[in-house]
There are 2 protein chains.
Amino acid sequence: MPLHLSLPMMKEPEFFESRENLFSHFSQYIRLSPALQADLADKIAIVHFRKGDTVHDTSRVCRESYFIRQGLLRTYYLKDGKEISEYFSAEAEWVNSPRSFMQQQLDIYSIDALENTEAYRLKVADLGYLFDHYPEMERYARLSMGSLFGHLIERITSLRFTSATEKYAHFCQAYAGLHHRIPLGMVASYLGIAQETLSRIRAR
Amino acid sequence: MPLHLSLPMMKEPEFFESRENLFSHFSQYIRLSPALQADLADKIAIVHFRKGDTVHDTSRVCRESYFIRQGLLRTYYLKDGKEISEYFSAEAEWVNSPRSFMQQQLDIYSIDALENTEAYRLKVADLGYLFDHYPEMERYARLSMGSLFGHLIERITSLRFTSATEKYAHFCQAYAGLHHRIPLGMVASYLGIAQETLSRIRAR
DNA sequence: CCCGCCATTTGACCCAGGTCAAATAATCAT
DNA sequence: ATGATTATTTGACCTGGGTCAAATGGCGGG
């Protein structure tokens, strides 16, 4: 099934505002030279997804990464015919199918949109170009990966020795404002507990 | 308590052989220029730990990273007075207390040696120097982190929906030859299951 | 506004694996 | 070697939370 996405159709001012969002994100990690800024602006496109759209599926190698300007995406995979949510990504986060994108091979993860979403798209080939020409992009990648690391380790800790109730509490804190926006069943599979159990916990 | 480590006291030939190990590791990811090679050789020291030694403890900020030439280290933390093993690191892996090393702040993880261990030591300040002067070091960091990522995600998957038996099977496969070298109780806490349960599983 | 399809809730039942306790085996230091 | 300390095994018991089933609630499309 082909990737389903609508093309940007925005007024100029809004477009500029958008770009600055991404740029200011970069600026948290590195100093953006004018040259890099220009090259980035050239490589990055804005795309829209409608709620329910498929952003990526397992039949393809993942060749693009998305930085969410607004909206909510979900990365999931199938296990015994059921969808298991791996994680959720909201504003100011990069999303792709990690191993598929990094090693350019097929992988089990699909991505879909839980809300109408507006995102910047960067193709893997363009990212490679940026890495080759701007050492500071390498640094950006290293630094931003670093903070992800902490989250993953925390999650592993939370999965191992905590009760279902504690897992949910940790989730609410880690995904702060987001947990309202995500259907209960998906939260349950993210936490590795049964939907029914989570429903009972909520009705505490 | 001060860091307990013995200084290198090696014959030259062995020393050279050691360094080449690390260099060939780097070569898997980047091309090592002679200048970088020289700088690396200058910054890196060889250290030895005896079985049971503390490599890092929670009272200090982690200011060095170790690349294991031979041996086995364990990263763990205390929960309710018990040691929970976070992960094990063997030959050809970098070890530190991740958040403490990356953000230069205190964290909950300690590291000790499960076997006599010989490792290369790189100080955080020297690593910063290398990042500042050699863009290819940034690339190395990005690429080598990438492969860690896959492992962490796999582990999260394995923790969520699998029985204790499956967790142990996954562990044996992920840590291939290593599982003989690690005490049962530590494996159990790594997997998030009770020691008694793991003992029964093994006696299948 | 109504219908049909999911998502969520509620109830009943059951088992994998946790806890506590005590025996046995392995390891270490003297 | 030998006793002391620590790691592993074994047994008995119990509970958190999984599974299956059925009722109820919500929402998007016509």
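Residues numbered from 1 in each chain as written. Chains lettered and ligands numbered in written order. Predicted model: local features only at pLDDT ≥ 70, side-chain atom pairs only at ≥ 80, totals over all residues. Heavy atoms only, no water.

### Remarks on the overall build of chain A
Right, so step 1: When helices and strands are counted, chain A shows 8 helices and 8 strands.
Right, so step 2: Against the 2.2 N^0.38 benchmark of 17 Å for 204 residues, chain A shows a C-alpha radius of gyration of 18 Å, consistent with a compact globule.
Right, so step 3: Each principal axis of the C-alpha atoms in chain A carries an extent, and together these give about 55 × 35 × 35 Å.
Right, so step 4: When burial is assessed residue by residue, chain A has 50% of its 204 residues classed as buried.
Right, so step 5: Relative to all contacts within chain A whose residues are 6 or more apart in sequence, the contacts with residues 24 or more apart total 71%.
Right, so step 6: Just so you have it, chain A exposes about 10,000 Å², and 54% of that area is on carbon and sulfur atoms.
Right, so step 7: Counting 24 positive and 25 negative side-chain charges, chain A places the averaged centre of each group 5 Å from the other. (Helix = DSSP H or I, 4+ residues; strand = E, 2+ residues; numbered from the N terminus. Rg over C-alpha atoms; globule rule 2.2 N^0.38 Å. Buried < 20%, exposed > 50% of the residue type's maximum accessible area, 1.4 Å probe, protein only. Contact = heavy atoms within 4.5 Å. Areas by Shrake-Rupley, 256 points an atom, 1.4 Å probe, with all protein chains shown as cover. Lys, Arg positive; Asp, Glu negative; His and termini not counted. Charge placed at Lys NZ, Arg CZ, Asp CG, Glu CD.)

### Structural notes on the sheet that holds strand β3 (residues 64-70) of chain A
Whether parallel or antiparallel, the strands of a sheet pair through hydrogen bonds between backbone atoms.
Residues and elements named next belong to chain A.
Right, so step 1: Spatial strand order, β1-β8-β3-β6: 4 strands in an open sheet with antiparallel pairing. The open sheet has two edge strands with one neighbour each: β1 (45-49) and β6 (94-95).
Right, so step 2: Both β3 and strand β8 (residues 117-123) contribute to a ladder of 6 bridges, which runs antiparallel. Bridge assignment links E64 to a residue of β8, and that residue is K123. (Pairing = 2+ DSSP bridges.)

### Describing the packing of aromatic side chains
Residue and element names in this part refer to chain A.
Right, so step 1: Here the structure, examined in full by the defined rule, presents 25 aromatic pairs over all chains.
Right, so step 2: Ring geometry for Y29 versus Y140: centroids 5.5 Å apart, planes at 80 degrees, classification edge-to-face. Pair noted here: Y29 is in the loop between α1 (12-27) and α2 (34-43) and Y140 is in helix α5 (residues 135-161), with a separation of 111 residues, a long-range link.
Right, so step 3: When the ring of F88 is compared with that of Y190, the centres are 5.4 Å apart and the planes differ by 40 degrees; the resulting orientation is tilted. (Phe/Tyr/Trp six-rings, centres within 6.5 Å; stacked < 30°, edge-to-face > 60°.)

### Description of the UniProt feature "domain: Cyclic nucleotide-binding" (unreviewed entry) in chain A
Right, so step 1: As recorded in UniProt, the feature "domain: Cyclic nucleotide-binding" (unreviewed entry) lies at residues 47-133 of chain A.
Right, so step 2: Secondary structure content for residues 47-133 of chain A is 18% helix and 47% strand, and the end C-alpha separation is 25 Å. (UniProt positions renumbered as here; feature names shortened; annotations may be inferred.)

### Section: the interface of chain B and chain A
Right, so step 1: At the junction of the two partners, chain B supplies 34 residues and chain A supplies 34 residues.
Right, so step 2: In this assembly, chain B packs against chain A so that about 3,300 Å² is buried in total across both faces, 66% of it on carbon and sulfur atoms.
Right, so step 3: In terms of surface lost to chain A, no three residues of chain B exceed F149, R160 and F161 of chain B, which account for 21% of the buried area on that side.
Right, so step 4: Summed over the shared surface of chain B and chain A, the number is 10 salt bridges.
Right, so step 5: For R142 of chain A, the salt bridge goes to E138 of chain B, with nearest N and O atoms at 2.6 Å.
Right, so step 6: Summed over the shared surface of chain B and chain A, the number is 14 residue pairs in polar contact (both at pLDDT 80 or more).
Right, so step 7: Of all the elements in the fold, those that place two or more residues in the side of chain B that touches chain A are β4 (73-79), β5 (82-89), α3 (98-103), α4 (124-133), α5 (135-161) and α7 (184-191) of chain B.
Right, so step 8: The residue inventory of the side of chain B that touches chain A, partitioned by class, reads 18 nonpolar, 6 polar and 10 charged. (Buried area = accessible area lost by both parts, 1.4 Å probe. Salt bridge = Lys/Arg side-chain N within 4 Å of Asp/Glu carboxyl O. Polar contact = N/O pair within 3.5 Å; in protein donor to acceptor, adjacent residues only side chain to side chain. Nonpolar A, V, L, I, M, F, W, Y, C, P; charged D, E, K, R; others polar.)

### As for the relation of the copies chain B and chain A
Mapping between the two copies of the chain is achieved by a rotation about an axis and a shift along the axis.
Right, so step 1: Expressed as a screw transformation, the operator carrying chain B onto chain A has a rotation angle of 180 degrees and an axial translation of 0.0 Å, and the superposed copies differ by an RMSD of 0.0 Å. Here the symmetry operator amounts to a two-fold rotation axis.
Right, so step 2: In this assembly the copies share their binding face: 100% of the residues contributing to the interface of chain B also contribute to that of chain A. (Least-squares fit on C-alpha atoms with pLDDT ≥ 70 in both.)

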